[in-house]
Amino acid sequence: MTSTLPITDPVQAAARTAWGEARGEGRRGMQAVLNVIGNRVTHPGWWGRDIAGVCQAHAQFSCWDTKDLNRIKLLTVTEADTQFREALDLASCLLNSCLSDLTGGADHYYDWRGQRPYWAQGRFYKCTIGHHAFYRVGLRGDGM
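So, here is what we can say about the structure in this document.

**A closer look at the overall build of the chain**
Item 1. Looking only at helices and strands, the chain has 5 helices and 3 strands in total.
Item 2. Its helices and strands taken in sequence order, the chain reads α-α-α-α-α-β-β-β from the N to the C terminus.
Item 3. Its C-alpha atoms give the chain principal-axis dimensions of about 40 × 30 × 30 Å.
Item 4. The buried share of the chain, reckoned over its 144 residues, is 48%.
Item 5. Pairs at least 24 apart in sequence give 61% of the contacts found in the chain among residues at least 6 apart.
Item 6. Accessible area of the chain: about 7500 Å², with a carbon and sulfur share of 51%.
Item 7. Charged side chains in the chain number 16 positive and 14 negative. The centres of these two groups are separated by 5 Å.

Okay, structure coming up:
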């Protein structure tokens, strides 16, 4: 599976995902997306087993969708972009296990300004950060 991923470096994959999903949400928003990635990696499942796999799993982070306008942007962004440098710093913290979890263990989120997705019905709501509502869907209850 990893041989077909566009980005195999875990810091790059995580940073590009956080930037693609939440650059408009500031540092806390990007950190929260990275928290979701970290929570999924800590509990491997259908969403992947490592950072690069989790980030680029089919239909999990919309910025990686081949039809999403953000995809070309996230594949070409460089460190000249201040927000991407921030995302790289945060992703390095994730990789080094020193990124605090702002989401309370969330493994999913969605932009609350749009329609509530089916998977959020009756699930464990954790918090809202910026325009994203965070949930635990694939992990059990409130404890890890």
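**A look at the layout of surface pockets**
Item 1. Its volume calculated, the largest pocket comes out at about 390 Å³.
Item 2. Lining of the largest pocket is provided by 17 residues; of these, Ala-59, Gln-60, Ser-62, Tyr-109 and Trp-119 occupy positions nearest its centre.
Item 3. Broken down by secondary-structure element, the contributors of at least two residues to the lining of the largest pocket are α1 (10-22) and β1 (108-111).
Item 4. Broken down by element, the residue count for the lining of the largest pocket peaks at 4 residues, all from β1.
Item 5. Looking at side-chain class alone, the lining of the largest pocket contains 8 nonpolar, 6 polar and 3 charged residues.

**Digging into the pairing of strand β2 (residues 124-129)**
As a general feature of sheets, a regular strand has side chains that alternate between the two faces.
Item 1. With 5 bridges joining them, β2 and strand β3 (residues 132-136) adopt antiparallel strand pairing. Among the inter-strand pairings, Tyr-125 is bridged to a residue of β3, identified as Tyr-135.
Item 2. The hairpin turn running from β2 into β3, its antiparallel successor, is 2 residues long, and Gly-130 in that turn takes a positive phi close to 60°.

**Topic: α1**
Item 1. Here α1 is 13 residues long and its end C-alpha atoms lie 18 Å apart, about the 18 Å a rise of 1.5 Å per residue gives.
Item 2. In terms of residue burial, α1 counts as a mostly covered element, since 11 of its 13 residues are buried.
Item 3. Inspection of α1 places Val-11, Ala-13, Ala-14, Ala-15, Arg-16, Thr-17, Ala-18, Trp-19, Gly-20, Glu-21 and Ala-22 among the buried residues, and these make up the whole buried set.
Item 4. On its buried face, α1 is in contact with α2 (26-42), α3 (51-56), α4 (69-76), α5 (82-95), β1 and β3.

**Overview of the sheet that holds β3**
Item 1. Pairing is antiparallel in the open sheet, where 3 strands are placed in the order β1-β3-β2. Strand pairing shows two members of the sheet lacking a second neighbour, β1 and β2, which therefore form its edges. With direction set aside, neighbouring strand axes in the sheet form an average angle of 25°.
Item 2. Sheet topology places β1 next to β3; 4 bridges connect them, and they run antiparallel. Of the residues in β3, the one forming a bridge with Tyr-109 is Phe-134.
Item 3. Sheet contacts for α2: β1, β2 and β3; angle to β1, the most-contacted strand, approximately 145°.

Quick notes on the rules
- Per-chain numbering applies: the sequence of each chain, read as written, is numbered from 1 onward.
- Reporting in this predicted model follows two pLDDT cut-offs: at least 70 for local features of residues, and 80 or more for side-chain atom pairs to be given and counted; totals over whole chains, interfaces and linings ignore these cut-offs and use all residues.
- Only heavy atoms go into the side-chain values, all of them from the structure, while hydrogens and water stay out.
- Helix and strand definitions here come from DSSP, where helices need a minimum of 4 consecutive H or I residues and strands a minimum of 2 consecutive E residues; each element is numbered from the N-terminal end.
- The buried label applies to any residue whose accessible area, calculated with a 1.4 Å probe on protein chains only, is under 20% of its type's maximum; exposed applies above 50%, and partly exposed to all values in between.
- The contact definition used throughout considers only heavy atoms, calling two residues in contact when any of these lie within 4.5 Å.
- To measure how exposed things are, a 1.4 Å probe is used in the Shrake-Rupley method; for residues, cover is taken only from the protein chains shown.
- For this count, His and the chain ends are skipped, Lys and Arg are scored as positive, and Asp and Glu as negative.
- We put the charge of a Lys on NZ, of an Arg on CZ, of an Asp on CG and of a Glu on CD.
- A cavity, in this analysis, means grid points on a 1 Å lattice covering only the protein atoms where a 1.4 Å probe fits yet has no way out; a pocket is instead an open set bounded by protein on both sides within 12 Å along at least five of seven lines, and a residue lines either one if it has an atom within 4 Å of a point.
- Grid points are joined across faces, edges and corners, and a volume is the space filled by probe spheres set on the points.
- Ten residues, namely Ala, Val, Leu, Ile, Met, Phe, Trp, Tyr, Cys and Pro, are considered nonpolar, four, namely Asp, Glu, Lys and Arg, are considered charged, and the remaining ones, Gly among them, are considered polar.
- The criterion for strand pairing is that DSSP finds at least two bridges linking the strands in question.
- What a helix is expected to span follows from its residue count: subtract one and scale by 1.5 Å.
- Fitting a line to C-alpha atoms yields each axis, with helices limited to the stretch in contact; the angle taken between N-to-C directions then spans 0 to 180 degrees.

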